[in-house]
Structures are given as structure tokens and as C-alpha cells.
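Residue-level listing of the chains:
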Amino acid sequence: VLKQLHDKFPDDFRASFALGEIYQNIGNANGAAEQYERAVGIAPNEASLYLRLAMAQGAMGMPVNAERNLKKALEVDPDLFEARDHLAAVLIQQGRAHETPGLWKEFVEKHGEHAPAWVKLAMAQYAAGDEAGAEATYERALELEDNLFVKRFYAPVLAEKGEHDRAMDFYEDCLDATPEDVPLLLEYARTLQAADREFEVPEQLKKVLALQIDPDTRAQTIAWLIELEQPKRVEAVETARQRMESGEVESALRDLRPLKNWLGDYWKLWAVLSSGLNRTGQHEEAEEAATNLLNLFPGCEPGYGELMEALSKQGKTEDAYNLMRFAAQRKPQSLGIHVNLALAARRAGKVEEARHLAQQLREAIGPNEELEPVFAEIEA
């Protein structure tokens with residue numbers, strides 16, 4: 001329909017723009033760039049078109065072209081914040097971080113009450129190695145009438161420097177305004193812990209757990225809470241893990257099994273258990289432990305490897321292969337996941353696929369003695 005509209009109204013850029021957005025949303029950067037270029041040709045005074053074209057070019061790995069079009073967008077509309085932000089990112093990508101503070105200084109001189117621009121300026125100064133200038137910028141920005149945004153980004157900087165009291169004051173101001181901001185609550189909790197106020201951390205973690213959060217954040221938050229409230233049992237898990245690493249696998253497993261009744265929500269227990277059970281050939285129990293691990297913490301990459309091992313060693317090779325295909329879709333950039341996918345493919349009899357994956361992995365990883373036994377099985 002959009003193509004028909006473009007043909008019917010060739011002097012109206014909106015059909016090409018909408019088509020470019022569709023291509024961009026489905027990951028077709030080339031198609032998006034082509035449509036945005038067409039739109040720019042029709043409406044050369046629309047700054048947002050240059051911005052979208054630059055974003056598509058950035059996704060295509062063409063930073064020089066993206067830089068040119070972002071600068072064109074700013075020529076048309078110097079106040080287009082998003083174009084300035086993308087230009088700063090492109091400059092950093094090209095190793096030119098020193099050029100970015102000037103971009104933001106120009107903007108804040110014109111828009112002195114624009115808090116996000118002050119924060120961007122401070123970040124640019126940090127990226128350019130000007131720590132003193134960045135801190136001076138943050139301090140100046142605190143004078144803004146609406147400085148909550150500045151406090152949100154200055155607080156972790158202060159916490160990193162060890163100025164915990166001031167950082168906590170800023171976090172508390174921000175939490176008064178947005179009490180259900182999960183990253184903010186977790187940052188505040190970490191700062192409390194660093195400031196030796198660990199007794200206040202559980203309250204913040206329980207606030208996080210009362211909210212709608214993703215499973216991975218929930219698993220990590222529960223683990224942190226358990227480590228604070230049940231330190232002796234957590235210490236037993238860590239001791240067992242260390243003994244397992246030194247070769248005392250069976251005795252470590254004997255110590256870990258009783259803890260399942262107390263630490264059923266502690267993903268680290270299931271991670272250690274599944275590993276030890278696989279190493280001792282107890283693959284059915286390892287399958288149960290690894291499944292518990294991934295139910296709690298679906299983003300735990302080692303968990304997929306342990307479950308794949310447990311399944312394949314029980315002869316469930318097709319299940320193991322399908323599991324690793326799912327994991328590879330979830331984490332397409334993980335080399336570890338793809339190594340296990342290749343191994344699962346080989347064990348499921350998909351020899352050519354396994355060898356092709358192994359070849360790609362060798363090119364990506366390079367020489368790696370630790371992985372040679374795995375590649376030997378895959379390529380056999």
C-alpha cells in the first residue's frame with residue numbers, strides 16, 4: 001500500500017518515510033536507508049529524515065556516511081537533540097571522543113535549562129578524559145530549577161568516588177519522585193552496602209521484588225537478599241563450589257543436597273549442583289537441577305550448557321539440540337551458547353551443521369586449547 005501511495009503521490013515524502021520505518025523495525029537497514037534517501041530527495045529540509053537515514057547507515061556499519069547526514073540534520077535543525085546525541089555516539093565509535101564536549105557545550109549555551117544536555121556534556125567530558133570538567137559541569141547543572149535528572153546521573157558518579165552520603169541524598173530525592181524505578185532502587189541498595197549500611201539493603205531489595213520485574217533481575221535480586229539474610233548457608237554453597245573445583249565433587253554434592261530445602265530460590269545453588277551432578281554422571285538429577293536453575297534465571301548461560309549435557313548424556317539428543325537452538329535465539333552474540341549448539345547438533349546427528357558451526361566458531365575465537373577437546377568431538 002505504501003509503495004502504491006509513493007507512486008501515486010511522488011512529491012510527498014511520507015510514504016517513503018513510513019516504509020523506511022517498517023524496514024528499520026524489522027532489521028532491514030539497507031531497505032530503510034534506501035527509503036530514507038528517497039524521502040530526503042523529496043523533502044531536503046526535514047531534519048528528522050537525515051537523522052533516520054543516519055541511524056540506518058549506522059546499523060549498516062557506515063559511520064562516515066552517518067556522520068555526514070547527522071551534521072546535515074543539525075544544519076537544518078540545530079536544536080534536534082536526538083541528532084546531536086547520535087552524532088556524539090558516532091564520533092566516539094570512530095575514536096573521536098574529544099570532539100563530543102564541543103557538541104554539547106554549543107547546545108547548553110543555547111538551552112541552559114535543558115538538564116539532559118548538561119548530563120550529556122558531563123558524560124562527554126568524562127569520555128574525553130576531562131574528569132574535572134565533567135564534575136564542574138554536574139555541579140553547575142545542580143543549579144538548574146529542575147535538577148532531578150542531573151541528580152539521577154550524578155549519584156552513581158559520586159558513589160563510585162566514595163562520596164556515599166551525598167550520592168544517597170540524590171538517590172533518595174529521585175526515589176521520592178519515582179519510587180518504582182527498579183535500576184534506581186538497585187543502585188541505591190548497592191550504595192547503601194558500600195556505605196556500610198548493609199542492614200538497610202534488604203528493605204530496598206524487597207521493594208524491587210514487589211514490582212513487576214523480568215525473571216533475570218528477580219533471580220539476581222533474590223540471590224542478593226538470600227546472601228544477606230542467610231550468610232551461613234550461602235557460605236556452605238561457596239565452600240562446596242571451591243571443594244568441587246579442587247576435585248572433591250562427591251563430598252561437595254553430599255553437603256549441597258540438604259541445602260535444597262532451604263535455598264530452593266537461590267540460583268547459584270542449582271548452578272553448582274547441576275555442574276557437579278553432570279561431572280559425576282548423575283545426569284537425570286543434573287537435568288532436574290539445571291531445569292530449576294533456568295526456571296529461576298533464564299538468562300544464565302552456563303545453565304543451558306549443563307542442561308544440554310544432562311539431556312544428551314541420557315540420549316535425549318534432539319531435546320538437547322532444540323534447547324540450544326532456543327538459547328542461541330535468545331543470546332545470538334554468546335560464543336559459549338553457540339559452542340554448545342554445535343556440540344548438541346553433533347550429538348543429534350546433524351554432522352554438517354555442527355562442522356559448519358565449528359568452522360565459524362574457530363574463526364571467531366581463534367586458537368583456544370581449552371576448547372580443543374570440544375571441537376574434536378564436534379568435528380569427529
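Residues numbered from 1 in each chain as written. Predicted model: local features only at pLDDT ≥ 70, side-chain atom pairs only at ≥ 80, totals over all residues. Heavy atoms only, no water.

### Quick word on a nonpolar patch on the surface
Formally: Like-charged residues are merged into a patch within 9 Å and nonpolar side chains (Val, Leu, Ile, Met, Phe, Trp, Tyr) within 5 Å, provided each residue has over 30% relative accessible area and no salt bridge. For the area figures, the Shrake-Rupley method with a 1.4 Å probe applies, and any residue is considered shielded solely by the protein chains shown. What makes a salt bridge here is a side-chain nitrogen of Lys or Arg within 4 Å of a carboxyl oxygen of Asp or Glu, nothing more. Runs of E in the DSSP output that reach at least two residues are strands. Runs of H or I that reach at least four are helices, and both are numbered from the N terminus. Each residue is assigned to one of three classes by its accessible area relative to the maximum for its type, calculated with a 1.4 Å probe on protein chains only: buried under 20%, partly exposed between the two thresholds, exposed over 50%.
Taken together, the side chains of Val 1, Leu 5 and Phe 9 make up a nonpolar region of the molecular surface, amounting to roughly 320 Å² of accessible area. With respect to the helices and strands, the residue Leu 5 is situated in helix H1 (residues 2-8). With relative accessibility at 37%, the residue Leu 5 sits in the partly exposed group.

### A word on the packing of aromatic side chains
Where two aromatic rings form a pair, the distance of their centres and the angle of their planes describe that pair. This is how the line gets drawn: Side-chain rings of Phe, Tyr and Trp, where Trp is taken by its six-membered ring, are said to pair if the distance between their centres is within 6.5 Å; with planes under 30 degrees apart they count as stacked, over 60 as edge-to-face, and otherwise as tilted. Counting as a charge over the ring demands two things of the Lys NZ or Arg CZ atom: a distance within 6 Å of the ring centre and an angle within 35 degrees of the ring normal.
For the structure shown, the criterion picks out 10 aromatic pairs. Taking 6.2 Å as the distance between ring centres and 75° as the angle between the ring planes, the aromatic pair formed by Trp 104 and Phe 107 counts as edge-to-face. Residue Trp 104 and its partner Phe 107 are both found in helix H7 (residues 100-110); the two are separated by three residues, about one turn of the helix. Here the two residues Trp 104 and Phe 107 agree in accessibility, since each one is buried. With a centroid separation of 6.2 Å and an interplanar angle of 50°, the aromatic rings of Tyr 171 and Tyr 188 are classed as tilted. Taken together, the residues Tyr 171 in helix H11 (residues 164-177) and Tyr 188 in helix H12 (residues 182-194) connect sequence positions 17 residues apart. Considered together, Tyr 171 and Tyr 188 belong to a single accessibility category, that of buried residues. Three or more aromatic residues joined by ring pairs make a cluster, and in this case those are Tyr 126, Tyr 138, Tyr 154 and Phe 170. Its guanidinium or amino end placed over the ring of Phe 153, Arg 152 lies 5.9 Å from that ring's centre, counting from NZ or CZ. Residue placement shows Arg 233 over the ring face of Trp 262; its charged tip is 3.9 Å from the ring centre.

### A look at unusual backbone geometry
Notably, Asp 196 is not glycine yet its phi reads approximately 60°, a positive angle. Residue placement: Asp 196 occurs in the loop between H12 and helix H13 (201-209). Residue classification places Asp 196 among the exposed positions, given a relative accessible area of 71%.

### What about the nonpolar core?
Our working definition: The criterion is simple. A nonpolar core is a set of buried Ala, Val, Leu, Ile, Met, Phe, Trp, Tyr and Cys residues joined through side-chain atoms within 4.5 Å. By definition in these notes, contact holds between two residues if any of their heavy atoms fall within 4.5 Å.
Counting 97 residues, the largest nonpolar core has Val 150, Val 237, Leu 256, Tyr 266, Leu 269 and Leu 273 as the members making the most contacts within it. Setting aside residues up to four positions removed in sequence, Leu 256 forms contacts with Val 237, Ala 240, Met 244, Leu 269, Val 272 and Leu 273. Ranked by size, the runner-up nonpolar core spans 27 residues in total, among them Leu 294, Tyr 304, Met 308 and Ala 328.

### A word on the pattern of salt bridges
Counted according to the given criterion, the structure contains 33 salt bridges. The partner of Glu 352 in a salt bridge is Arg 355, and the shortest N-O contact between them spans 4.0 Å. A residue pair is termed a helical-turn pair when its members lie 3 or 4 positions apart in one helix, as Glu 352 and Arg 355 do in helix H22 (residues 351-365) at three residues. Looking at Glu 352, the relative accessible area reads 58%, which means it is exposed. Of the residues examined, Arg 355 reaches a relative accessible area of 36% and is grouped as partly exposed.

### Here we look at the environment of Arg 140
Here Arg 140 shows up in helix H9 (residues 131-141). Note on Arg 140: relative accessible area 34%, which makes it partly exposed. Put simply, Arg 140 and Trp 118 are 22 residues apart on the chain and 8.6 Å apart in space, counted from C-alpha to C-alpha.

### Focus: the side chain of Thr 137
Structurally, the position occupied by Thr 137 is in helix H9. Assessed through its relative accessible area of 8%, Thr 137 is described here as buried. Excluding residues within four positions of it along the chain, Thr 137 makes contact with Trp 118, Leu 121, Ala 122 and Gln 125.

### A word on the environment of Asp 216
On the secondary structure map, Asp 216 appears in helix H14 (residues 215-229). Sequence separation between Asp 216 and Leu 294 is 78 residues; the distance between their C-alpha atoms is 9.6 Å. Once residues lying within four places of it in the same chain are set aside, the contact partners of Asp 216 are Phe 297, Pro 298, Gly 299 and Arg 330.

### A word on the environment of Thr 221
Residue placement: Thr 221 occurs in helix H14. Given a relative accessible area of 2%, Thr 221 falls into the buried group. In this structure, the C-alpha to C-alpha distance between Thr 221 and Cys 300, residues 79 residues apart in sequence, is 14 Å. Ignoring anything within four residues of it in the chain, the contact list for Thr 221 reads Leu 186, Leu 205, Val 208 and Leu 209.

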